[in-house]
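# Descriptive structure summary
What follows is the residue order along each chain.
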Amino acid sequence: MELLFSYGTLRSKQTQMQIFNKVLSGSPDQILGFKLKSLQIEEEFGMADYVVAVPSENLEDIIHGVAFEVSNPELLKVDQFESNSYKRVQVKLQSGRTAWVYTENK
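The protein chain goes by Gamma-glutamylcyclotransferase in an unreviewed UniProt entry, where it is assigned to Flavobacterium ginsengisoli.

## A few points about the overall build of the protein chain
Scanning the protein chain from terminus to terminus reveals two helices and seven strands. In the protein chain, the order of α-helices and β-strands from amino to carboxyl end is β-α-β-β-β-β-α-β-β. Its C-alpha atoms give the protein chain a radius of gyration of 13 Å, near enough to 13 Å, the size a compact globule of 106 residues would have. Reported as C-alpha extents along the three principal axes, the dimensions of the protein chain are approximately 35 × 30 × 20 Å. Out of the 106 residues belonging to the protein chain, those deemed buried represent 39%. Nonlocal contacts in the protein chain, meaning residues at least 24 apart in sequence, comprise 66% of its contacts between residues at least 6 apart. When the accessible surface of the protein chain is totalled, it reaches about 6,600 Å², and 48% of it is carbon and sulfur. Averaging the positions of the 11 positive and the 14 negative side-chain charges in the protein chain gives two centres separated by 5 Å.

## Focus: the pairing of strand 6 (residues 86-92)
Note that strand 6 and strand 7 (residues 98-104) share seven bridges and pair antiparallel. Looking at strand 7, one finds that Arg88 is bridged to Tyr102. In sequence, strand 6 turns back onto strand 7 through a hairpin of five residues, with Gly96 there showing a positive phi of about 100°.

## Observations concerning unusual backbone geometry
At Asn21, a position not held by glycine, the phi torsion is positive, near 60°. With respect to the secondary-structure elements, Asn21 resides in the loop between helix 1 (13-20) and strand 2 (26-32). Residue classification places Asn21 among the exposed positions, given a relative accessible area of 63%.

## Quick notes on the packing of helix 1 against helix 2 (residues 72-81)
How two helices pack is summed up by the angle between their axes together with the distance between the axes. Interhelical geometry of helix 1 versus helix 2 gives an angle of 110° and a closest axis separation of 10 Å. By the angle between their directions, the pair helix 1 and helix 2 is classed as roughly perpendicular. The residues of helix 2 that touch helix 1, namely those facing Thr15, Gln18, Ile19 and Phe20, are Glu74, Lys77, Val78 and Phe81. Within the contact of helix 1 with helix 2, the residues separate by chemical class into four nonpolar, two polar and two charged.

## What about the nonpolar core?
Core analysis: the biggest nonpolar cluster contains 27 residues, and Leu4, Phe5, Tyr7, Ile31, Ile63, Val78 and Leu93 have the highest contact counts within it. Top element by residues in this core is strand 5 (residues 62-70). It accounts for five residues. Those residues in contact with Leu93 that lie beyond four places of it in its chain are Leu3, Phe5, Asp29, Gln30, Ile31, Ala67 and Ala99.

## Description of the pattern of salt bridges
Under the criterion given, the structure shown has four salt bridges. For the salt bridge of Glu74 with Lys22, the shortest nitrogen-to-oxygen distance reads 3.0 Å. Of the two residues, Glu74 is situated in helix 2 and Lys22 in the loop between helix 1 and strand 2; the sequence distance between them amounts to 52 residues. Judged by relative accessible area, Lys22 falls into the partly exposed class, the value being 37%. Across the pair Glu104 and Lys37 runs a salt bridge whose closest N-O atoms are separated by 2.7 Å. Here the residue Glu104 occupies a position in strand 7, and Lys37 occupies one in strand 3 (residues 34-43), the gap between them amounting to 67 residues.

How each quantity is defined
- Residues numbered from 1 in each chain as written.
- Predicted model: local features only at pLDDT ≥ 70, side-chain atom pairs only at ≥ 80, totals over all residues.
- Heavy atoms only, no water.
- Helix = DSSP H or I, 4+ residues; strand = E, 2+ residues; numbered from the N terminus.
- Rg over C-alpha atoms; globule rule 2.2 N^0.38 Å.
- Buried < 20%, exposed > 50% of the residue type's maximum accessible area, 1.4 Å probe, protein only.
- Contact = heavy atoms within 4.5 Å.
- Areas by Shrake-Rupley, 256 points an atom, 1.4 Å probe, with all protein chains shown as cover.
- Lys, Arg positive; Asp, Glu negative; His and termini not counted.
- Charge placed at Lys NZ, Arg CZ, Asp CG, Glu CD.
- Pairing = 2+ DSSP bridges.
- Axes fitted to C-alpha atoms, helices over the stretch in contact; angles between N-to-C directions.
- Parallel < 35°, antiparallel > 145°, perpendicular 65-115°, else oblique.
- Nonpolar A, V, L, I, M, F, W, Y, C, P; charged D, E, K, R; others polar.
- Core = buried A, V, L, I, M, F, W, Y, C linked by side-chain atoms within 4.5 Å.
- Salt bridge = Lys/Arg side-chain N within 4 Å of Asp/Glu carboxyl O.

Structure (structure tokens):
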């Protein structure tokens, strides 16, 4: 199993059901040295507002979220769900565990 750190949409049980056809189990965690940035993404009915994690120059910046356990096939489903505005990278969580997180795709 892999860990997927979510700070936004993927924490929604409705979104989890849409992607995985189940609700994920996870635990609260944080990533340090990142901050959230506003992001607009064009969707079927217009522009929608989201946030995206970006590295911060301040290593004390923190993003609170949830670390979910997912399988490799489930990670691929999330890759398809996320827009091209995001890329998946590995980070070390405050708990010391390593997880995947979606950050800004520049």
